[in-house]
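Chain residues, written in single-letter form:
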Amino acid sequence: MSSQMCKSASRVIRSLLSASKNSRFCSAEGRAVAAAAAVSVDSKVPLLASAYGSGGSANASRGWLPGVFALPVAAYMVQEQEAHAAQNERTFIAIKPDGVQRGLIAEIISRFERKGFKLVAIKITVPSKEFAQKHYHDLKDRPFFNGLCQFLSSGPVVAMVWEGEGVIKYGRKLIGATDPQRSEPGTIRGDLAVVVGRNIIHGSDGPETAKDEISLWFKPQELVNYKSNEEKWIYGVN
Ligand code: DAT
Ligand code: MG
């Protein structure tokens, strides 16, 4: 399906879904029918096409399901699509020169990795001061801006993109409060840093910042799309 088709199909499905939420059609049998129909959709049969194509009704003989069967199909497909989109959330994380020099690269990466997030881009680089100023542009009026940019460009930085459901917000939780004196024990800054000027790690603070920072630090082709073998054990609904 083209992305345009996907989008309009998704809109139709979404309105069907809101009409059917909590209805009796969202049952286990519904899911089975939906799964069968989802296969049909993959093989380019018109959206919501019948899994019972050879049935006797007028609808079935045209290859279309009546709305009552279409609803669970719709619900299932939207849920799948949304779950997939959530898992693809990405954030920018950087180990600053102090973290690199203190030998904390593996420690920091392992905390994100063990949580269940997926590394999709990584490089080590010494950013220029101009680049650091771009990265921290929103802090340009703060008194520590110059020193901060000087410091970020003073040595190697490990720049990364991590992917997973809720990774932007939860990444910040793993990192801890900006000032390590206020970071909880168990967080990266809480466990591994002492003062705000040497807090070892950066993490995007929201979806817009994440998008901007990822595109500042990485070219699109440096981001790797892959399926991790662990995903089926990290994600799931019972
Ligand atoms: P965060 O890194 O938690 O997103 P921020 O965006 O407010 O925090 O600031 C960016 C960095 O600037 C921060 O990691 C360390 C430095 N910084 C922040 N507040 C500071 C302060 N009061 N004095 C010195 N450096 C500070
Ligand atoms: Mg910040």
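Residues numbered from 1 in each chain as written. Chains lettered and ligands numbered in written order. Predicted model: local features only at pLDDT ≥ 70, side-chain atom pairs only at ≥ 80, totals over all residues. Heavy atoms only, no water.

Let's talk about the side chain of serine 183
Stated precisely, the cut-off is as follows: Numbering of helices and strands runs from the N terminus; a helix is a DSSP stretch of H or I covering at least four residues, while a strand is a stretch of E covering at least two. Accessible area is worked out with a 1.4 Å probe on protein chains only. A residue is then buried under 20% of its type maximum, exposed over 50%, and partly exposed in between. Residues count as neighbours in contact if any of their non-hydrogen atoms are within 4.5 Å of one another.
If you trace the backbone, serine 183 turns up in the loop between helix 9 (167-175) and helix 10 (188-192). Residue classification places serine 183 among the buried positions, given a relative accessible area of 8%. Apart from residues no more than four positions distant in its own chain, serine 183 is found in contact with Gly176, Ala177, Arg189 and Gly190.

A short note on the packing of helix 6 (residues 105-115) against helix 9
Let me state the cut-off plainly: For every element, the axis is a line fit to its C-alpha atoms; helices are fit only across the contacting stretch, and the angle between N-to-C directions ranges from 0 to 180 degrees. Angle categories are assigned with fixed cut-offs, so that under 35 degrees is roughly parallel, over 145 is roughly antiparallel, 65 to 115 is roughly perpendicular, and the rest are oblique. Handedness of each helix crossing follows the sense of rotation of the near helix against the far helix: counterclockwise by less than a right angle gives left-handed, clockwise gives right-handed.
At a closest axis distance of 11 Å, the pairing of helix 6 and helix 9 adopts a crossing angle of 135°. In terms of orientation, helix 6 and helix 9 fall into the oblique class. Like other packed secondary-structure pairs, helix 6 and helix 9 cross with a definite hand, here right-handed. Along the contact surface, helix 6 presents Arg111, Phe112 and Lys115, while helix 9 presents Tyr170, Gly171, Leu174 and Ile175.

Regarding the pattern of salt bridges
Let me state the cut-off plainly: When a carboxyl oxygen of Asp or Glu lies within 4 Å of a side-chain nitrogen of Lys or Arg, that pair is called a salt bridge.
In the structure shown here, the tally under the stated rule is 7 salt bridges. A salt bridge links arginine 111 to glutamate 107; its shortest N-O distance comes to 2.8 Å. In this pair, arginine 111 and glutamate 107 both sit in helix 6, 4 residues apart, roughly one turn of the helix. Looking at glutamate 107, the relative accessible area reads 30%, which means it is partly exposed. The residue lysine 118 makes a salt bridge to glutamate 163 at a minimum N-O spacing of 3.4 Å. Placement of the pair is lysine 118 in strand 2 (residues 118-125) and glutamate 163 in strand 3 (residues 157-163), with a sequence separation of 45 residues. Since its relative accessible area comes to 11%, lysine 118 is described here as buried. For glutamate 163, a relative accessible area of 5% gives the class buried. It is possible to trace a salt-bridge network through shared partners that takes in Arg90, Lys118, Glu163, Lys227 and Glu231.

Regarding the UniProt feature "binding site: ATP" (unreviewed entry) in the chain
The cut-off we apply is this: UniProt positions are given in the numbering used here, feature names are shortened, and annotations may be inferred rather than shown by experiment.
Summarizing the sequence annotation, UniProt attributes the feature "binding site: ATP" (unreviewed entry) to Lys96, Phe144, Arg172, Thr178, Arg189 and Asn199 in the numbering used throughout. In this fold, lysine 96 is placed in the loop between strand 1 (90-95) and helix 5 (97-101). The contact partners of lysine 96, leaving out residues within four places of it in the chain, are Tyr136, Phe151, Leu152, Pro156, Val157, Arg189, Asn199, Ile200, Ile201 and His202. The residues contacting arginine 189, other than those within four sequence positions of it, are Lys96, Ile175, Gly176, Ala177, Thr178, Pro180, Ser183, Asn199, Ile201 and His202.

Some details on the confidence of the model for the chain
Our working rule: Scored from 0 to 100, pLDDT reflects the predictor's confidence in each residue.
Overall, the predicted model of the chain reaches an average pLDDT of 79, with 68% of residues at or above 70. This stretch, residues 1-10, has a pLDDT under 50; its non-local contacts, to residues over four places away or in other chains, come to 4 contacts. Contacts of residues 16-64 to residues separated by more than four positions or lying in other chains number 53 contacts, the stretch itself having pLDDT below 50.

Re the site of ligand 1
Selection rule: Near, as used in this document, describes a residue that has one of its heavy atoms within 4 Å of the molecule or strand being considered. The definition of a polar contact used here is a pair of N or O atoms within 3.5 Å, where within protein one atom must be able to donate a hydrogen and the other to accept one, and adjacent residues in sequence count solely through side-chain atom pairs. Areas reported as accessible are Shrake-Rupley estimates using a 1.4 Å probe. Residue values count occlusion only from the protein chains shown. Any residue that is not Ala, Val, Leu, Ile, Met, Phe, Trp, Tyr, Cys, Pro, Asp, Glu, Lys or Arg is counted as polar, Gly included; the first ten are nonpolar and the last four charged.
Taken together, Lys96, Tyr136, Leu139, Phe144, Leu148, Arg172, Thr178, Arg189, Val196 and Asn199 make up all the residues around ligand 1. For ligand 1, an oxygen atom lies 2.5 Å from a polar atom in the side chain of threonine 178. Between ligand 1 and asparagine 199 there is a distance of 2.8 Å, counted from an oxygen atom to a side-chain nitrogen or oxygen. Considering ligand 1 on its own, with 510 Å² of exposed area, one finds that the protein chains cover 75% of that surface. Partitioning the shell around ligand 1 into residue classes produces 5 nonpolar, 2 polar and 3 charged.

Regarding unusual backbone geometry
The phi torsion at isoleucine 200 lies on the positive side, around 60°, for a residue other than glycine. Inspection of the secondary structure assignment puts isoleucine 200 in the loop between helix 10 and strand 4 (201-203). Taking the relative accessible area as the measure of exposure, isoleucine 200 reaches 0% and is therefore buried.

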